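Given next are the chains, with one letter for each unit.
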Amino acid sequence: MRWQALLIAFLPWLAGCGGVATGPTGIDQAALLTASCSGCHAEGGQAITGLTGMPATELEAKLLAYRDDAGGGSAMHRMARGYSDEQIGLIARTLGD
Amino acid sequence: MSARLSRRRLLATLSTLGLGALLSPASLARTAKARIVVVGGGFGGATAARSLARLLPAASITLVEASRHYVACPFSNLVLAGVREIEAQTFAYSALAAEGIEVVRARATNVDAVTRTVTLDNSTGLSYDRLILSPGIDLHWGALEGYDPNAAVRMPHAWKAGKQTLLLREQLLAMPEGGVVLMSVTAAPFRCPPGPYERASLIAGYLKRHKPRAKLIILDSNDAFSKQGLFQAAWRQHYGDMIEWRSASNFGGVIRADARAMELHTDFDTERGDVINVIPPQRAGRIAERAGTVDASGWCPIDATSFESALVPGVHVIGDATIAAPMPKSAFSANQQAKVCAIQVARLLAGLAPEPTTLANTCYSYTTPESAISVSGVYNNADGVFISVPGAGGVSPMGAPPVFQQREGEQAADWFRAITREAFL
(Lines give C-alpha, C1' and ligand atoms only; values in the text may rest on other atoms or scores of the structure.)
Protein backbone atom coordinates (compact mmCIF):
# COMPACT_ATOMS: atom_id res chain seq x y z
CA MET A 1 0.00 0.00 0.00
CA ARG A 2 3.03 2.28 0.10
CA TRP A 3 2.42 3.62 -3.37
CA GLN A 4 -1.05 4.70 -2.35
CA ALA A 5 0.32 6.60 0.61
CA LEU A 6 2.87 8.26 -1.64
CA LEU A 7 0.28 9.15 -4.22
CA ILE A 8 -1.98 10.60 -1.57
CA ALA A 9 0.93 12.65 -0.30
CA PHE A 10 1.39 14.12 -3.77
CA LEU A 11 -2.29 14.49 -4.61
CA PRO A 12 -2.72 18.07 -3.39
CA TRP A 13 0.26 19.02 -5.51
CA LEU A 14 -1.06 17.20 -8.59
CA ALA A 15 -4.45 18.82 -8.13
CA GLY A 16 -2.89 22.26 -7.81
CA CYS A 17 -3.56 22.39 -4.07
CA GLY A 18 -7.17 23.36 -4.69
CA GLY A 19 -6.07 26.48 -6.53
CA VAL A 20 -3.78 27.69 -3.76
CA ALA A 21 -0.38 26.62 -5.07
CA THR A 22 1.00 28.58 -8.01
CA GLY A 23 3.71 27.99 -10.53
CA PRO A 24 4.68 25.22 -12.91
CA THR A 25 3.25 21.72 -12.47
CA GLY A 26 5.99 19.85 -14.33
CA ILE A 27 9.55 20.09 -15.56
CA ASP A 28 9.05 19.30 -19.23
CA GLN A 29 8.71 21.50 -22.34
CA ALA A 30 4.98 21.91 -21.73
CA ALA A 31 5.68 23.46 -18.33
CA LEU A 32 8.46 25.64 -19.71
CA LEU A 33 6.33 27.03 -22.55
CA THR A 34 3.25 27.69 -20.43
CA ALA A 35 5.33 29.64 -17.90
CA SER A 36 4.68 32.54 -20.30
CA CYS A 37 0.90 32.32 -19.85
CA SER A 38 0.13 32.14 -16.14
CA GLY A 39 1.52 35.57 -15.25
CA CYS A 40 -1.40 37.22 -17.11
CA HIS A 41 -4.17 34.65 -17.46
CA ALA A 42 -5.88 34.17 -14.10
CA GLU A 43 -9.45 33.35 -13.23
CA GLY A 44 -11.69 36.38 -12.84
CA GLY A 45 -9.93 38.47 -15.49
CA GLN A 46 -12.12 40.75 -17.60
CA ALA A 47 -9.84 41.97 -20.39
CA ILE A 48 -7.46 38.99 -20.11
CA THR A 49 -9.50 35.81 -19.85
CA GLY A 50 -8.79 32.85 -17.61
CA LEU A 51 -8.07 29.61 -19.42
CA THR A 52 -9.58 27.07 -17.05
CA GLY A 53 -12.21 24.92 -18.67
CA MET A 54 -11.44 25.93 -22.26
CA PRO A 55 -11.32 22.91 -24.57
CA ALA A 56 -7.83 22.30 -25.98
CA THR A 57 -9.10 22.44 -29.57
CA GLU A 58 -10.71 25.83 -28.96
CA LEU A 59 -7.57 27.18 -27.31
CA GLU A 60 -5.39 25.96 -30.17
CA ALA A 61 -7.71 27.53 -32.76
CA LYS A 62 -7.65 30.86 -30.88
CA LEU A 63 -3.85 30.90 -30.63
CA LEU A 64 -3.48 30.07 -34.32
CA ALA A 65 -5.98 32.81 -35.19
CA TYR A 66 -3.96 35.34 -33.18
CA ARG A 67 -0.75 34.25 -34.86
CA ASP A 68 -2.10 34.23 -38.42
CA ASP A 69 -4.15 37.46 -38.25
CA ALA A 70 -1.60 39.72 -39.95
CA GLY A 71 -3.56 42.89 -39.13
CA GLY A 72 -4.01 42.19 -35.42
CA GLY A 73 -2.26 44.58 -33.05
CA SER A 74 -3.02 43.28 -29.55
CA ALA A 75 -0.28 41.98 -27.29
CA MET A 76 -1.52 38.43 -27.91
CA HIS A 77 -1.24 38.92 -31.67
CA ARG A 78 2.31 40.20 -31.30
CA MET A 79 3.36 37.37 -29.00
CA ALA A 80 1.60 34.51 -30.82
CA ARG A 81 3.71 35.31 -33.91
CA GLY A 82 6.73 33.94 -32.07
CA TYR A 83 5.40 30.37 -31.75
CA SER A 84 5.42 27.38 -34.11
CA ASP A 85 2.44 25.10 -34.84
CA GLU A 86 4.00 22.46 -32.59
CA GLN A 87 4.50 24.89 -29.70
CA ILE A 88 0.93 26.20 -29.99
CA GLY A 89 -0.41 22.64 -30.04
CA LEU A 90 1.57 21.74 -26.93
CA ILE A 91 0.45 24.88 -25.09
CA ALA A 92 -3.19 24.17 -25.99
CA ARG A 93 -3.02 20.53 -24.90
CA THR A 94 -1.33 21.54 -21.64
CA LEU A 95 -3.67 24.37 -20.60
CA GLY A 96 -6.89 23.25 -22.30
CA ASP A 97 -9.27 20.58 -21.11
CA MET B 1 0.87 -6.17 -4.23
CA SER B 2 4.66 -6.08 -4.34
CA ALA B 3 6.55 -2.91 -3.61
CA ARG B 4 8.21 -3.06 -7.03
CA LEU B 5 4.91 -3.25 -8.89
CA SER B 6 3.36 -0.51 -6.82
CA ARG B 7 6.26 1.82 -7.44
CA ARG B 8 5.88 1.18 -11.15
CA ARG B 9 2.21 2.06 -10.96
CA LEU B 10 2.98 5.28 -9.17
CA LEU B 11 5.61 6.23 -11.72
CA ALA B 12 3.25 5.37 -14.57
CA THR B 13 0.63 7.65 -13.05
CA LEU B 14 3.11 10.45 -12.62
CA SER B 15 4.72 10.04 -16.03
CA THR B 16 1.39 10.67 -17.69
CA LEU B 17 1.63 14.09 -16.09
CA GLY B 18 5.14 14.63 -17.40
CA LEU B 19 6.66 14.17 -13.97
CA GLY B 20 8.08 10.68 -14.29
CA ALA B 21 11.59 11.82 -14.96
CA LEU B 22 11.58 14.00 -11.88
CA LEU B 23 10.32 11.27 -9.63
CA SER B 24 12.37 8.28 -10.70
CA PRO B 25 13.46 6.59 -7.44
CA ALA B 26 17.05 7.84 -7.66
CA SER B 27 16.12 11.40 -8.51
CA LEU B 28 13.34 11.44 -5.92
CA ALA B 29 15.95 10.60 -3.29
CA ARG B 30 18.16 13.44 -4.52
CA THR B 31 15.46 16.08 -4.73
CA ALA B 32 13.91 15.12 -1.41
CA LYS B 33 17.04 16.20 0.39
CA ALA B 34 17.69 19.26 -1.74
CA ARG B 35 18.16 22.62 -0.05
CA ILE B 36 17.35 25.62 -2.21
CA VAL B 37 17.82 29.18 -1.02
CA VAL B 38 16.19 32.10 -2.83
CA VAL B 39 17.47 35.61 -2.03
CA GLY B 40 15.10 38.51 -2.70
CA GLY B 41 11.34 38.65 -2.31
CA GLY B 42 10.26 40.63 -5.37
CA PHE B 43 8.39 39.34 -8.39
CA GLY B 44 11.32 37.06 -9.30
CA GLY B 45 12.22 35.65 -5.90
CA ALA B 46 8.68 35.13 -4.61
CA THR B 47 7.65 33.39 -7.83
CA ALA B 48 10.78 31.23 -7.80
CA ALA B 49 10.22 30.11 -4.20
CA ARG B 50 6.58 29.22 -4.85
CA SER B 51 7.39 27.41 -8.08
CA LEU B 52 10.07 25.33 -6.37
CA ALA B 53 7.78 24.53 -3.45
CA ARG B 54 5.27 23.19 -5.94
CA LEU B 55 7.78 21.27 -8.07
CA LEU B 56 9.79 19.85 -5.18
CA PRO B 57 7.40 19.37 -2.26
CA ALA B 58 9.94 17.34 -0.29
CA ALA B 59 12.81 19.80 -0.70
CA SER B 60 13.72 22.59 1.72
CA ILE B 61 12.92 25.99 0.18
CA THR B 62 14.08 29.14 2.00
CA LEU B 63 13.28 32.70 0.93
CA VAL B 64 15.58 35.39 2.36
CA GLU B 65 14.08 38.88 2.35
CA ALA B 66 14.91 41.83 4.58
CA SER B 67 11.54 43.56 4.35
CA ARG B 68 8.27 42.49 5.92
CA HIS B 69 6.36 43.66 2.85
CA TYR B 70 7.06 44.06 -0.82
CA VAL B 71 5.96 47.30 -2.47
CA ALA B 72 5.50 46.73 -6.19
CA CYS B 73 6.95 49.16 -8.74
CA PRO B 74 4.52 48.36 -11.58
CA PHE B 75 1.48 50.64 -11.18
CA SER B 76 3.33 52.86 -8.66
CA ASN B 77 3.27 55.70 -11.21
CA LEU B 78 -0.52 55.68 -10.72
CA VAL B 79 0.16 56.33 -7.03
CA LEU B 80 2.29 59.35 -8.00
CA ALA B 81 -0.61 60.62 -10.10
CA GLY B 82 -2.92 60.38 -7.08
CA VAL B 83 -5.26 57.81 -8.62
CA ARG B 84 -4.11 54.74 -6.69
CA GLU B 85 -3.17 54.08 -3.07
CA ILE B 86 0.16 52.58 -1.99
CA GLU B 87 -1.72 49.84 -0.09
CA ALA B 88 -2.75 48.37 -3.44
CA GLN B 89 0.97 48.00 -4.20
CA THR B 90 1.89 46.30 -0.93
CA PHE B 91 2.19 42.53 -0.45
CA ALA B 92 3.13 40.28 2.48
CA TYR B 93 4.73 36.84 2.42
CA SER B 94 2.14 34.98 4.52
CA ALA B 95 0.85 32.92 1.58
CA LEU B 96 4.36 31.70 0.86
CA ALA B 97 4.95 30.71 4.47
CA ALA B 98 1.65 28.81 4.45
CA GLU B 99 2.91 26.76 1.51
CA GLY B 100 5.87 25.47 3.48
CA ILE B 101 8.43 28.00 2.29
CA GLU B 102 10.70 29.09 5.12
CA VAL B 103 10.60 32.89 4.90
CA VAL B 104 13.65 34.31 6.70
CA ARG B 105 13.44 38.03 7.44
CA ALA B 106 17.09 39.01 7.12
CA ARG B 107 19.51 40.54 4.68
CA ALA B 108 21.87 38.21 2.84
CA THR B 109 25.34 39.73 3.21
CA ASN B 110 27.65 37.18 1.62
CA VAL B 111 27.81 34.01 -0.43
CA ASP B 112 30.55 31.40 -0.29
CA ALA B 113 30.19 29.48 -3.53
CA VAL B 114 32.79 26.88 -2.48
CA THR B 115 31.09 25.80 0.75
CA ARG B 116 27.71 26.75 -0.80
CA THR B 117 26.68 28.93 2.12
CA VAL B 118 24.73 32.19 2.31
CA THR B 119 25.60 34.43 5.27
CA LEU B 120 22.84 36.58 6.78
CA ASP B 121 23.10 39.87 8.68
CA ASN B 122 21.90 38.06 11.81
CA SER B 123 25.18 36.09 11.63
CA THR B 124 23.53 32.81 10.74
CA GLY B 125 24.35 30.84 7.63
CA LEU B 126 22.23 28.88 5.21
CA SER B 127 23.70 26.03 3.21
CA TYR B 128 22.34 25.33 -0.24
CA ASP B 129 22.54 22.87 -3.10
CA ARG B 130 21.28 25.53 -5.50
CA LEU B 131 21.06 29.27 -4.82
CA ILE B 132 18.75 31.60 -6.72
CA LEU B 133 19.55 35.31 -6.50
CA SER B 134 16.75 37.71 -7.37
CA PRO B 135 18.25 40.86 -5.83
CA GLY B 136 16.72 43.45 -8.15
CA ILE B 137 18.59 46.72 -8.51
CA ASP B 138 20.72 48.85 -6.25
CA LEU B 139 20.84 52.57 -6.88
CA HIS B 140 24.44 53.42 -7.75
CA TRP B 141 24.89 56.33 -5.37
CA GLY B 142 27.53 58.81 -6.46
CA ALA B 143 27.63 57.58 -10.07
CA LEU B 144 25.71 60.76 -10.83
CA GLU B 145 27.71 63.53 -9.13
CA GLY B 146 25.81 65.00 -6.21
CA TYR B 147 23.16 62.29 -6.03
CA ASP B 148 23.35 60.35 -2.77
CA PRO B 149 20.79 59.17 -0.16
CA ASN B 150 20.57 62.68 1.30
CA ALA B 151 19.95 64.25 -2.10
CA ALA B 152 17.21 61.64 -2.67
CA VAL B 153 15.16 63.26 0.11
CA ARG B 154 15.04 66.56 -1.79
CA MET B 155 15.05 64.92 -5.21
CA PRO B 156 13.29 61.55 -4.85
CA HIS B 157 14.10 58.71 -7.25
CA ALA B 158 10.93 56.71 -6.52
CA TRP B 159 12.59 53.92 -8.53
CA LYS B 160 12.10 51.54 -5.61
CA ALA B 161 8.48 51.82 -4.61
CA GLY B 162 7.37 52.71 -1.09
CA LYS B 163 8.38 55.75 0.97
CA GLN B 164 10.09 57.31 -2.03
CA THR B 165 6.86 57.03 -4.05
CA LEU B 166 4.90 58.80 -1.33
CA LEU B 167 7.61 61.45 -0.94
CA LEU B 168 7.50 62.35 -4.63
CA ARG B 169 3.68 62.39 -4.55
CA GLU B 170 3.70 64.79 -1.58
CA GLN B 171 6.16 67.08 -3.36
CA LEU B 172 3.96 67.13 -6.47
CA LEU B 173 0.91 67.93 -4.32
CA ALA B 174 2.76 70.75 -2.58
CA MET B 175 4.20 72.27 -5.76
CA PRO B 176 2.81 75.73 -6.60
CA GLU B 177 0.72 76.24 -9.74
CA GLY B 178 2.95 77.22 -12.63
CA GLY B 179 5.88 75.24 -11.18
CA VAL B 180 8.44 73.19 -13.09
CA VAL B 181 8.88 69.42 -12.64
CA LEU B 182 12.25 68.09 -13.79
CA MET B 183 12.86 64.41 -14.48
CA SER B 184 16.37 63.06 -15.06
CA VAL B 185 16.64 59.69 -16.83
CA THR B 186 19.88 57.73 -16.57
CA ALA B 187 21.47 56.00 -19.56
CA ALA B 188 20.19 52.49 -20.32
CA PRO B 189 20.20 49.80 -19.05
CA PHE B 190 17.89 50.49 -16.13
CA ARG B 191 14.87 48.87 -14.46
CA CYS B 192 11.61 49.23 -16.42
CA PRO B 193 12.68 50.82 -19.75
CA PRO B 194 9.32 52.53 -20.46
CA GLY B 195 8.81 53.51 -16.80
CA PRO B 196 10.20 57.06 -16.92
CA TYR B 197 7.92 57.98 -19.82
CA GLU B 198 4.84 56.40 -18.24
CA ARG B 199 5.72 58.45 -15.16
CA ALA B 200 5.98 61.65 -17.21
CA SER B 201 2.57 60.89 -18.76
CA LEU B 202 0.83 60.31 -15.44
CA ILE B 203 2.47 63.27 -13.68
CA ALA B 204 1.39 65.46 -16.63
CA GLY B 205 -2.14 64.11 -16.19
CA TYR B 206 -2.10 65.16 -12.54
CA LEU B 207 -0.70 68.60 -13.44
CA LYS B 208 -3.28 69.10 -16.18
CA ARG B 209 -6.08 68.46 -13.68
CA HIS B 210 -4.67 70.43 -10.75
CA LYS B 211 -1.90 72.78 -11.94
CA PRO B 212 -2.56 73.38 -15.62
CA ARG B 213 0.13 76.10 -16.04
CA ALA B 214 2.90 73.76 -14.78
CA LYS B 215 5.62 72.36 -17.02
CA LEU B 216 7.42 68.98 -17.05
CA ILE B 217 10.91 68.70 -18.57
CA ILE B 218 12.55 65.31 -19.12
CA LEU B 219 16.34 65.56 -19.18
CA ASP B 220 17.33 62.30 -20.83
CA SER B 221 20.74 60.63 -21.09
CA ASN B 222 19.31 58.56 -23.98
CA ASP B 223 18.53 59.49 -27.58
CA ALA B 224 15.62 57.08 -27.97
CA PHE B 225 13.26 55.28 -25.63
CA SER B 226 10.76 52.44 -25.39
CA LYS B 227 7.46 53.05 -27.22
CA GLN B 228 8.75 56.55 -28.08
CA GLY B 229 6.40 57.26 -30.99
CA LEU B 230 3.36 56.12 -29.03
CA PHE B 231 4.33 58.10 -25.94
CA GLN B 232 5.03 61.30 -27.86
CA ALA B 233 1.74 61.00 -29.76
CA ALA B 234 -0.11 60.52 -26.45
CA TRP B 235 1.70 63.50 -24.91
CA ARG B 236 0.62 65.77 -27.77
CA GLN B 237 -2.91 64.42 -27.69
CA HIS B 238 -3.52 64.59 -23.94
CA TYR B 239 -1.09 67.17 -22.59
CA GLY B 240 -0.37 69.60 -25.45
CA ASP B 241 3.05 71.14 -24.89
CA MET B 242 3.19 70.48 -21.13
CA ILE B 243 5.91 67.80 -21.51
CA GLU B 244 9.26 68.74 -23.03
CA TRP B 245 11.67 65.88 -23.80
CA ARG B 246 15.33 66.79 -24.19
CA SER B 247 17.46 63.97 -25.65
CA ALA B 248 21.12 63.28 -24.89
CA SER B 249 22.23 64.77 -28.24
CA ASN B 250 20.18 67.83 -27.42
CA PHE B 251 22.22 68.27 -24.23
CA GLY B 252 19.57 66.56 -22.10
CA GLY B 253 21.94 64.28 -20.19
CA VAL B 254 22.33 65.31 -16.55
CA ILE B 255 25.93 65.25 -15.28
CA ARG B 256 25.47 66.74 -11.80
CA ALA B 257 22.66 67.13 -9.29
CA ASP B 258 22.61 70.00 -6.78
CA ALA B 259 19.96 69.12 -4.21
CA ARG B 260 20.54 72.25 -2.11
CA ALA B 261 19.90 74.57 -5.07
CA MET B 262 17.29 72.21 -6.60
CA GLU B 263 19.20 72.28 -9.86
CA LEU B 264 20.27 69.74 -12.45
CA HIS B 265 23.34 70.45 -14.56
CA THR B 266 23.77 69.24 -18.12
CA ASP B 267 26.76 69.74 -20.41
CA PHE B 268 25.06 72.79 -21.78
CA ASP B 269 23.13 74.54 -19.06
CA THR B 270 21.46 74.39 -15.65
CA GLU B 271 17.79 73.75 -15.00
CA ARG B 272 16.02 74.63 -11.78
CA GLY B 273 12.99 72.59 -10.71
CA ASP B 274 10.27 73.00 -8.09
CA VAL B 275 10.01 69.21 -7.98
CA ILE B 276 12.89 67.06 -9.21
CA ASN B 277 12.71 63.30 -9.85
CA VAL B 278 16.09 61.71 -10.51
CA ILE B 279 16.04 58.23 -12.01
CA PRO B 280 19.67 57.48 -11.19
CA PRO B 281 22.31 55.03 -12.45
CA GLN B 282 21.63 51.45 -11.32
CA ARG B 283 23.34 48.09 -10.98
CA ALA B 284 22.57 44.61 -9.72
CA GLY B 285 21.59 44.36 -6.06
CA ARG B 286 24.61 44.25 -3.74
CA ILE B 287 24.39 40.56 -2.80
CA ALA B 288 24.92 39.69 -6.48
CA GLU B 289 28.28 41.44 -6.30
CA ARG B 290 29.14 39.81 -2.96
CA ALA B 291 28.40 36.44 -4.57
CA GLY B 292 30.83 37.18 -7.39
CA THR B 293 28.13 37.05 -10.05
CA VAL B 294 28.54 40.65 -11.30
CA ASP B 295 30.82 41.60 -14.20
CA ALA B 296 32.42 44.96 -15.04
CA SER B 297 29.08 46.27 -16.34
CA GLY B 298 27.56 46.07 -12.84
CA TRP B 299 25.07 43.40 -13.95
CA CYS B 300 25.04 39.58 -13.91
CA PRO B 301 25.94 37.52 -16.96
CA ILE B 302 23.94 34.27 -17.06
CA ASP B 303 23.38 31.19 -19.15
CA ALA B 304 20.00 32.10 -20.63
CA THR B 305 18.85 28.47 -20.74
CA SER B 306 19.46 27.61 -17.08
CA PHE B 307 19.78 31.10 -15.54
CA GLU B 308 22.95 29.83 -13.88
CA SER B 309 25.57 32.51 -13.36
CA ALA B 310 28.24 32.59 -16.06
CA LEU B 311 30.72 33.33 -13.28
CA VAL B 312 29.73 31.18 -10.27
CA PRO B 313 28.51 27.57 -10.55
CA GLY B 314 25.50 26.56 -8.47
CA VAL B 315 24.20 30.14 -8.32
CA HIS B 316 21.30 31.18 -10.56
CA VAL B 317 20.34 34.81 -11.13
CA ILE B 318 16.96 36.08 -12.36
CA GLY B 319 15.18 39.39 -12.85
CA ASP B 320 16.42 42.96 -13.10
CA ALA B 321 19.95 42.06 -11.95
CA THR B 322 20.66 39.91 -15.02
CA ILE B 323 22.10 40.73 -18.42
CA ALA B 324 19.17 39.30 -20.36
CA ALA B 325 18.76 41.77 -23.22
CA PRO B 326 16.74 41.68 -25.43
CA MET B 327 14.51 40.62 -22.50
CA PRO B 328 13.84 43.82 -20.54
CA LYS B 329 14.23 44.44 -16.82
CA SER B 330 10.51 44.08 -16.06
CA ALA B 331 8.31 42.40 -13.47
CA PHE B 332 6.85 40.29 -16.28
CA SER B 333 10.34 39.07 -17.22
CA ALA B 334 11.33 38.41 -13.61
CA ASN B 335 8.17 36.40 -12.90
CA GLN B 336 8.59 34.28 -16.00
CA GLN B 337 12.33 33.83 -15.61
CA ALA B 338 11.59 32.64 -12.06
CA LYS B 339 9.27 29.89 -13.29
CA VAL B 340 11.66 28.77 -16.02
CA CYS B 341 14.62 28.90 -13.62
CA ALA B 342 12.70 26.84 -11.03
CA ILE B 343 12.00 24.18 -13.65
CA GLN B 344 15.66 24.10 -14.71
CA VAL B 345 16.81 23.83 -11.09
CA ALA B 346 14.39 20.92 -10.57
CA ARG B 347 15.74 19.30 -13.75
CA LEU B 348 19.35 19.71 -12.62
CA LEU B 349 18.55 18.21 -9.21
CA ALA B 350 16.91 15.27 -11.00
CA GLY B 351 20.02 14.75 -13.13
CA LEU B 352 18.48 16.18 -16.30
CA ALA B 353 20.01 18.83 -18.54
CA PRO B 354 18.32 22.27 -18.66
CA GLU B 355 15.99 22.44 -21.65
CA PRO B 356 15.74 25.42 -24.03
CA THR B 357 12.33 26.99 -24.51
CA THR B 358 10.57 30.15 -25.68
CA LEU B 359 9.78 33.05 -23.35
CA ALA B 360 7.66 36.15 -23.88
CA ASN B 361 7.26 39.59 -22.32
CA THR B 362 4.72 42.37 -22.45
CA CYS B 363 5.15 45.73 -20.72
CA TYR B 364 2.06 47.92 -20.44
CA SER B 365 2.43 51.66 -19.77
CA TYR B 366 -0.40 54.00 -18.89
CA THR B 367 -0.51 57.25 -20.87
CA THR B 368 -3.58 58.39 -18.90
CA PRO B 369 -5.08 56.69 -15.81
CA GLU B 370 -7.43 54.80 -18.17
CA SER B 371 -5.41 54.22 -21.35
CA ALA B 372 -2.29 52.17 -21.93
CA ILE B 373 0.16 51.20 -24.66
CA SER B 374 2.31 48.09 -24.71
CA VAL B 375 5.47 46.52 -26.08
CA SER B 376 5.89 42.76 -26.47
CA GLY B 377 8.74 40.42 -27.31
CA VAL B 378 9.28 36.69 -27.77
CA TYR B 379 12.66 35.12 -27.05
CA ASN B 380 14.34 31.76 -27.61
CA ASN B 381 16.94 30.82 -25.00
CA ALA B 382 18.83 27.97 -26.68
CA ASP B 383 22.65 27.86 -26.45
CA GLY B 384 22.64 30.05 -23.35
CA VAL B 385 21.62 33.31 -25.03
CA PHE B 386 18.34 35.15 -25.55
CA ILE B 387 17.45 35.75 -29.20
CA SER B 388 14.33 37.69 -30.23
CA VAL B 389 12.11 35.57 -32.47
CA PRO B 390 12.01 37.35 -35.86
CA GLY B 391 8.58 38.63 -36.88
CA ALA B 392 7.19 38.51 -33.35
CA GLY B 393 6.74 41.25 -30.76
CA GLY B 394 6.56 44.99 -31.26
CA VAL B 395 4.45 47.83 -29.96
CA SER B 396 0.76 48.76 -29.99
CA PRO B 397 -0.49 50.09 -33.33
CA MET B 398 0.03 53.82 -33.85
CA GLY B 399 -3.17 55.80 -34.26
CA ALA B 400 -5.39 53.10 -32.77
CA PRO B 401 -8.86 54.30 -31.69
CA PRO B 402 -9.27 55.34 -28.02
CA VAL B 403 -11.18 52.14 -27.28
CA PHE B 404 -8.06 50.11 -28.17
CA GLN B 405 -5.91 51.98 -25.65
CA GLN B 406 -8.66 51.75 -23.02
CA ARG B 407 -8.73 48.00 -23.63
CA GLU B 408 -4.96 47.88 -23.10
CA GLY B 409 -5.48 49.80 -19.86
CA GLU B 410 -7.92 47.10 -18.73
CA GLN B 411 -5.49 44.38 -19.81
CA ALA B 412 -2.75 46.04 -17.76
CA ALA B 413 -5.01 45.95 -14.68
CA ASP B 414 -5.76 42.26 -15.23
CA TRP B 415 -2.06 41.57 -15.71
CA PHE B 416 -1.24 43.24 -12.38
CA ARG B 417 -3.91 41.18 -10.60
CA ALA B 418 -2.68 37.93 -12.17
CA ILE B 419 1.04 38.44 -11.61
CA THR B 420 0.69 39.62 -8.02
CA ARG B 421 -1.58 36.66 -7.30
CA GLU B 422 0.97 34.28 -8.77
CA ALA B 423 3.87 35.85 -6.88
CA PHE B 424 2.40 36.84 -3.52
CA LEU B 425 -1.27 36.04 -2.86
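**A short note on the overall build of chain B**
Here's step 1: Secondary structure assignment for chain B yields 12 helices and 25 strands.
Here's step 2: A compact globule built from 425 residues would reach a C-alpha radius of gyration of about 22 Å, and chain B, at 23 Å, matches this within 12%.
Here's step 3: Taken along its principal axes, the extent of the C-alpha atoms in chain B is 85 × 50 × 35 Å.
Here's step 4: Within chain B, the proportion of its 425 residues that are buried is 59%.
Here's step 5: Here the analysis covers contacts within chain B between residues at least 6 apart in sequence; of these, 66% occur between residues at least 24 apart.
Here's step 6: Surface summary for chain B: the accessible area is close to 16200 Å², and the carbon and sulfur share equals 53%.
Here's step 7: Between the averaged position of the 41 positive side-chain charges in chain B and that of its 36 negative side-chain charges there is a distance of 9 Å.

**Some words on the side chain of Thr62 of chain B**
Residue and element names in this part refer to chain B.
Here's step 1: Considering the arrangement of structural elements, one finds Thr62 in strand 2 (residues 60-64).
Here's step 2: Accessibility expressed as a relative area gives 0% for Thr62, which makes it buried.
Here's step 3: The residues contacting Thr62, other than those within four sequence positions of it, are Ile36, Val37, Val38, Glu102, Val104 and Leu126.

**Comments concerning the packing of aromatic side chains**
All names here are of chain B.
Here's step 1: Using the criterion set out here, one finds 19 aromatic pairs over all chains in the structure.
Here's step 2: Aromatic pair Tyr93 and Phe424: ring centres 6.3 Å apart, planes at 70 degrees, arrangement edge-to-face. One end of the pair, Tyr93, is in the loop between strand 4 (90-91) and helix 5 (94-98); the other, Phe424, is in the segment after helix 12 (402-423), with 331 residues separating them in the sequence. The pair Tyr93 / Phe424 is uniform in exposure class, with both members buried.
Here's step 3: On the numbers, 5.9 Å between centres and 50 degrees between planes, the contact of Phe307 with Phe386 is tilted.

**Digging into the nonpolar core**
The tendency in soluble globular proteins is for nonpolar side chains to be buried side by side.
Residues and elements named next belong to chain B.
Here's step 1: The biggest cluster of nonpolar side chains holds 131 residues, and the ones touching the most others in it are Val118, Trp235 and Trp415.
Here's step 2: Sort the elements by how many residues they give to this core and helix 11 (residues 331-349) lands first, with 11 residues.
Here's step 3: Per-domain counts for this core show at least three residues from each of domain 1 (7-138 + 283-355) and domain 2 (151-280).
Here's step 4: The contacts of Trp235, once residues within four sequence positions are left out, are Tyr197, Ala200, Ser201, Ile218, Phe225, Gly240, Ile243 and Trp245.
Here's step 5: If you look at the next biggest cluster of nonpolar residues, it comprises 15 residues, including Ala152, Met155, Ala257 and Leu264.

**A closer look at the packing of helix 8 (residues 195-210) of chain B against helix 9 (residues 228-239) of chain B**
Residue and element names in this part refer to chain B.
Here's step 1: The geometry of helix 8 relative to helix 9 is characterised by a closest axis approach of 11 Å and an angle of 0 degrees between their N-to-C directions. Classified by the interaxial angle, the pair formed by helix 8 and helix 9 is roughly parallel. For the pair helix 8 and helix 9, contact is made by Tyr197, Glu198, Ala200, Ser201, Ala204, Gly205 and Lys208 and by Phe231, Trp235, His238 and Tyr239, respectively.
Here's step 2: Here the contact of helix 8 with helix 9 is built from residues that sort into 6 nonpolar, 3 polar and 2 charged.

**Comments concerning the pairing of strand 13 (residues 243-246) of chain B**
All names here are of chain B.
Here's step 1: Pairing between strand 12 (residues 215-220) and strand 13: 4 bridges, direction parallel. By the bridge assignment for strand 13, Ile217 is matched with Glu244.
Here's step 2: What joins strand 12 to strand 13 is helix 9, and the crossover it makes is right-handed.

Rules used in this analysis
Residues numbered from 1 in each chain as written. Chains lettered and ligands numbered in written order. Predicted model: local features only at pLDDT ≥ 70, side-chain atom pairs only at ≥ 80, totals over all residues. Heavy atoms only, no water. Helix = DSSP H or I, 4+ residues; strand = E, 2+ residues; numbered from the N terminus. Rg over C-alpha atoms; globule rule 2.2 N^0.38 Å. Buried < 20%, exposed > 50% of the residue type's maximum accessible area, 1.4 Å probe, protein only. Contact = heavy atoms within 4.5 Å. Areas by Shrake-Rupley, 256 points an atom, 1.4 Å probe, with all protein chains shown as cover. Lys, Arg positive; Asp, Glu negative; His and termini not counted. Charge placed at Lys NZ, Arg CZ, Asp CG, Glu CD. Phe/Tyr/Trp six-rings, centres within 6.5 Å; stacked < 30°, edge-to-face > 60°. Core = buried A, V, L, I, M, F, W, Y, C linked by side-chain atoms within 4.5 Å. Domains from an automatic or database assignment. Axes fitted to C-alpha atoms, helices over the stretch in contact; angles between N-to-C directions. Parallel < 35°, antiparallel > 145°, perpendicular 65-115°, else oblique. Nonpolar A, V, L, I, M, F, W, Y, C, P; charged D, E, K, R; others polar. Pairing = 2+ DSSP bridges. Right-handed = clockwise from strand over helix to strand, strands pointing away.

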